[in-house]
Amino acid sequence: MTGPLTGPLTAPQTTPQTAPLAAPPTALVTGANGLLGSALAARLALSWPGEVRCLVRSSSVLARLEPTLLAHPDKVRLVMGSLATVEACAPLAVGVDVVFHLAAALRGAPPDLVRDSVVATRNLLEAIALCAAPPRVVLASSLAVYGTSRLARGGVIDEGSPIEACPERRDAYCFAKVRQERLAWEYRRRKGVRLCVARPGVVYASGVSPLVGRVGLGVPGMFVVLGGRAAVPLTHVDNCAEALALLGARDGVEGRAFNVVDDELPETRELVQQFEREVGPLRHIALPYWATLGAAHLIARYAESSHGQLPAFLTPYRVAATYRGFRYDNARMKGLGWRPRVATKDGLREALASLRHR
Amino acid sequence: MSGARSIAAKDIGQQAARGERRGVGPSVARALLTATFVGARGVAMGGGELKVALVGCGKIADGHVEQLGKLGTLARLVGVCDAEPLMAEQLATRFKVARHYHDFDRMLEVERPDVVHVTTPPAAHRALTERAFESGCHVYVEKPVTPSHADTEALVLGARSRGLRLTVGYTYLFDPPARAMRELIASGVIGEPIHIDSVFGYDLGGAYGLAMTRDGDHWAARLPGGLIHNNADHLLNKIAEYIDGDEPRIYATGARRGGGERMPEELRVLICGDSVTANGIFSSAIRPVLHSCRVYGTKDTITVDLHARTVVLAVGQRIPSALGRLLGAFDQAAQYGREGVQNVIRFSRSEFSYFAGLEHLMRLFYESILKGTEPPIADRQILWVSRAIERMNEALMVERGRSPHEEGRRA
């Protein structure tokens, strides 16, 4: 594990570098009290040349963001606000050079995810498009947007891979993120929004279990490991925050998308083994890919014949798109000079160790 | 035939008379007496497929659309609408609905539906429902019907005056155990009801609760009675049928765990009719999250667990002495065992979904439209619940030192 990420960032393209009296650029981070948002705020507090505004809901408990706010009272400013309407977003975008748009729902019912991720993004982009000097927008999208159900086992997912064409056949998160990103690109095309898209993998950190849906499913008293040898596209929260900060500062990134995923990714079964070593015994059963696919066929068939009495929480389409085992390319992000400074083995050891004490 | 159906079949005059006796209000009762169903525009009263449209594409709309898909040739969804186009689009995309709209009038004009489901936040219910009535549509409106009793009354009368049907999303009342309870009570098993205990638990960490707690400006928080108001229908609609008397007295007390200025998350309510009383408990703190009803009668007492879907009768001591006390537990176990077997059978028939009550209510509602019979929920029941909620809110506001007028302005 390396030390804190404190390297300097250059000013974003929006700031005229030659103007001697130009004010330093101002950044706005939406979703600043989230796992990734608070890490980004901490990163920007150390390296961003100008003010960092942190947007949170009025109902937020500022547990994650508070240390940064207290440590950098002159540089980091808390902004209570909402993305619920264009009118609410309008003042947020004024005087801002770069918007890091991280606010999104990670879980919940599909309509809630759409409202919190898609409608909120539309409101923000609409407000930005109306600005006299529109800021750059760095959108935190997701690796989940890729259409991987037809990709061969071991296939490489890079930024040129197709976007999921049938997100409604995946899950609510994928559905919302695909619509969010499609909407953002529409705003770039139609209204010239200066968009740059980051597509992070599974963000993990201390205190957060990396045993997420891409690894398996929790059932009462048991964790079912799915997919066997599939690589888990992890990115440590600090690595991801650094990537986002870089996208906010670098020239030549607008109109492009960037995968944000670390190196030396563990396979599903390796991750579970490491979990057991670092945290303790985990009652689990591991299903290889073919068995996962077979189970998905049965679940989907029962859900259909019973008219949804039990939901089709696993379908062949989802299994093919998620657990078949792919490789993830981060060369484009590395081309900007980004390197995952927190090595996966170190980051995981720390993250899992923190879970041991819970 | 379910208890729900037996209510639906009751004569309108009797209903109106009962409405007056139970304090619906003389003017409403008179209006109910003079109104008759004249049949809806465009609906073949002998049967056929109803065209259904839905307005309000939030979470509960998912449930409506899912259940609509199970009704076969009874009804088909022709369009969905939301003031936010992205919300209408997401529902239409996920459920493959042919057309979606962000203009309600436009949807009514193009689709000419027979039935409109109003699943928006309650503040919009009255305007949308009246607009649907003007277009000759029957309306299924989600609970609470409207934020105020006066608005609810206006909708009930509006439906009657046009010969249209209005029903409200009292879905739990149509879940299999609630229907069984009402059938048993109607059959006289428990004798005359004396007292009802109604418990409704609410999980603030659940899908619906999270949406509210995450957003301090959620529409439910802006209802006169806040979170409780949004769920009070489920608490009170099981009581409404059995409380008698012109003016039931309502005593309510609320609490917010951890204090604070916002409306309470805990409610205890006592309702006193002439000869029947009821307790209501709404709680977001009690674990496990409960949803139950117990009706005490002159002959027996019935207990319904709407989560476990069981209906059991209390066990009186039939044999004296310790031997009688010994048999009680076995009697209860035998009843629960039978309920368990019944549930397995229902599960095997795919009749055990979360929204079983919603499906049943929709089916009864559509059938009432097609056959020209009474809707599944009596007007007086809708009005009784609506007025009880308003009185309960008033009691809570007085308790918190706010006048209802002041609270209304705040809302």
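As the structure is a prediction and not an experimental result, all values here were calculated from the model.

Parameters at a glance
- Residues numbered from 1 in each chain as written.
- Chains lettered and ligands numbered in written order.
- Predicted model: local features only at pLDDT ≥ 70, side-chain atom pairs only at ≥ 80, totals over all residues.
- Heavy atoms only, no water.
- Helix = DSSP H or I, 4+ residues; strand = E, 2+ residues; numbered from the N terminus.
- Buried < 20%, exposed > 50% of the residue type's maximum accessible area, 1.4 Å probe, protein only.
- Areas by Shrake-Rupley, 256 points an atom, 1.4 Å probe, with all protein chains shown as cover.
- Core = buried A, V, L, I, M, F, W, Y, C linked by side-chain atoms within 4.5 Å.
- Domains from an automatic or database assignment.
- Contact = heavy atoms within 4.5 Å.
- Patch = residues over 30% accessible without salt bridge, like charges linked within 9 Å, V, L, I, M, F, W, Y side chains within 5 Å.
- Salt bridge = Lys/Arg side-chain N within 4 Å of Asp/Glu carboxyl O.
- Buried area = accessible area lost by both parts, 1.4 Å probe.
- Polar contact = N/O pair within 3.5 Å; in protein donor to acceptor, adjacent residues only side chain to side chain.
- Nonpolar A, V, L, I, M, F, W, Y, C, P; charged D, E, K, R; others polar.
- Pairing = 2+ DSSP bridges.
- Axes fitted to C-alpha atoms, helices over the stretch in contact; angles between N-to-C directions.
- pLDDT = per-residue confidence, 0-100.
- Expected span 1.5 Å × (residues − 1).

1. Considering the overall build of chain B
The helix and strand tally for chain B stands at 15 helices and 13 strands. When each of the 411 residues of chain B is scored for burial, the buried share is 56%. Element-wise, carbon and sulfur atoms account for 55% of the exposed surface of chain B, whose accessible area totals about 16,700 Å².

2. Let's talk about the nonpolar core
Among the nonpolar cores identified, the biggest contains 86 residues, and Phe104(B), Leu236(B), Leu267(B), Ile271(B), Tyr366(B) and Trp384(B) are the most heavily contacted of them. Per-domain counts for this core show at least three residues from each of domain 1 (42–172 + 357–390) and domain 2 (173–355) of chain B. Apart from residues no more than four positions distant in its own chain, Leu236(B) is found in contact with Ile271(B), Trp384(B), Val385(B), Ala388(B), Ile389(B) and Met392(B). By size, the runner-up hydrophobic cluster in this structure holds 44 residues, among which are Cys131(A), Val65(B), Met87(B) and Ala88(B).

3. Let's talk about a nonpolar patch on the surface
A contiguous nonpolar patch, built from Ile319(B), Leu323(B), Leu326(B), Leu327(B) and Phe330(B) and spanning about 490 Å² of accessible area, is present on the exposed surface. With respect to the secondary-structure elements, Ile319(B) resides in the loop between β13 (310–313) and α12 (321–348).

4. Quick word on the interface of chain B and chain A
Facing the 25 residues of chain B at the interface are 23 residues of chain A. Of all residues in chain B, Leu86(B), Met87(B) and Arg214(B) give up the largest surface area on contact with chain A, accounting jointly for 31% of the area buried on that side. Inspection of the chain B/chain A interface yields 3 salt bridges. A salt bridge links Arg179(A) to Glu89(B), with the nearest nitrogen and oxygen atoms 2.6 Å apart. Our enumeration of links across chain B and chain A arrives at 7 residue pairs in polar contact (both at pLDDT 80 or more). Per element, the largest residue contribution to the side of chain B that touches chain A is 6 residues, and it comes from helix α5 (residues 85–95) of chain B. Here the side of chain B that touches chain A is composed, by residue class, of 7 nonpolar, 7 polar and 11 charged.

5. Description of the sheet that holds strand β1 (residues 50–55) of chain B
Residue and element names in this part refer to chain B. On the basis of which strands lie adjacent, the open sheet formed by 6 strands has the order β3-β2-β1-β4-β5-β6 and parallel pairing. Strand pairing shows two members of the sheet lacking a second neighbour, β3 (100–101) and β6 (166–168), which therefore form its edges. Judged from the 3 bridges that link them, strand β5 (residues 138–141) and β6 form a sheet pairing that is parallel. Residue pairing across strands places Val141 opposite Val168, the latter belonging to β6. Of the strands in this sheet, β1, β2 (75–81), β4 (115–118), β5 and β6 are in contact with helix α13 (residues 356–371), which crosses β5 at around 165°.

6. Things to note about the sheet that holds strand β1 (residues 27–30) of chain A
Residues and elements named next belong to chain A. Pairing in this open sheet of 7 strands is parallel, and the strands run β3-β2-β1-β4-β5-β7-β12 from one edge to the other. Looking at strand neighbours, the two that pair on one side only are β3 (76–80) and β12 (257–260), the edges of this open sheet. Looking at each pair of strands side by side, their axes are set apart by 20° on average, direction ignored. As judged from the 5 bridges shared by strand β5 (residues 136–140) and strand β7 (residues 194–200), these two strands associate in the parallel manner. Of the residues in β7, the one forming a bridge with Val137 is Leu195.

7. Here's the deal with the side chain of Asn343(B)
Residue and element names in this part refer to chain B. Here Asn343 shows up in helix α12. With a relative accessible area of 10%, Asn343 lands in the buried category. Aside from chain neighbours lying at most four places away, what touches Asn343 is Ala308, Arg309, Thr310 and Phe352.

8. Some points on the environment of His125(B)
All names here are of chain B. Checked against the element boundaries, His125 lands in helix α7 (residues 125–134). We classify His125 as buried; its relative accessible area is 0%. The spacing of His125 and Pro147 is 22 residues in sequence and 8.7 Å in space, taken between C-alpha atoms. Setting aside residues up to four positions removed in sequence, His125 forms contacts with Val118, Thr120, Val141, Glu142, Pro144, Val145, Thr146 and Leu155.

9. A closer look at helix α4 (residues 59–68) of chain B
Counting buried positions along α4(B) gives 8 out of 10 residues, so the element sits mostly inside the fold. Along α4(B), the positions that sit buried rather than exposed are Lys59(B), Ala61(B), Asp62(B), Gly63(B), His64(B), Val65(B), Gln67(B) and Leu68(B).

10. Observations regarding the environment of Val145(A)
Residues and elements named next belong to chain A. Positionally, Val145 belongs in the loop between β5 and β6 (156–157). With 32 residues separating them along the chain, Val145 and Lys177 place their C-alpha atoms 6.3 Å apart. Beyond its immediate stretch of four places on either side in the chain, Val145 contacts Ile163, Glu164, Lys177, Val178, Glu181 and Arg199.

11. A look at the side chain of His218(B)
Residues and elements named next belong to chain B. In this structure, His218 sits in the loop between α10 (207–214) and α11 (226–240). Within polar-contact distance, the side chain of His218 engages the backbone nitrogen of Ala220 at 3.0 Å. When residues no more than four places from it in sequence are discounted, the contact partners of His218 are Ala211 and Met212.

12. Points about unusual backbone geometry
The linkage connecting Lys143(B) with the following residue, Pro144(B), adopts the cis geometry, with an omega of -15°. Tracing the backbone through its elements, the reader meets Pro144(B) in the loop between β5 and α8 (149–162). Following Arg287(B), the chain continues to Pro288(B) via a peptide bond in cis, the omega torsion being -5°. Mapped onto the elements, Pro288(B) comes out in the loop between β10 (277–283) and β11 (291–297). Here the phi dihedral of His307(A) falls at roughly 55°; this positive angle occurs in a residue that is not glycine. Position of His307(A) relative to the elements: it lies in the loop between α8 (289–305) and α9 (316–322). The phi dihedral of Lys96(B) is positive, around 55°, even though this residue is not glycine.

13. What to know about the confidence of the model for chain B
Residues and elements named next belong to chain B. Averaged over all residues, the pLDDT of chain B is 86; the fraction at 70 or higher stands at 84%. Here residues 1–47 is a poorly scored stretch, pLDDT under 50, and it has 109 contacts once near neighbours within four places are set aside; other chains count. Residue range residues 407–411 is modelled with pLDDT below 50. Its contacts to residues more than four positions away, or to other chains, number 9 contacts.

14. Focus: helix α4 (residues 110–129) of chain A
End to end, α4(A) covers 27 Å across 20 residues, agreeing with the expected 28 Å (1.5 Å per residue, within 8%). Counting buried residues along α4(A), 17 of its 20 residues qualify, which places the element largely inside the surrounding structure.

15. Some points on the pairing of β1(A)
All names here are of chain A. Alternating residues of β1 divide into Ala27 and Val29 and Leu28 and Thr30, and every residue in both groups is buried. The pairing of β1 with strand β4 (residues 98–101) spans 4 bridges and is parallel. Considered in β4, the bridge of Ala27 is made with Val98. As judged from the 4 bridges shared by β1 and strand β2 (residues 52–56), these two strands associate in the parallel manner. Across the sheet, the residue bridging to Thr30 is Leu55, located in β2.

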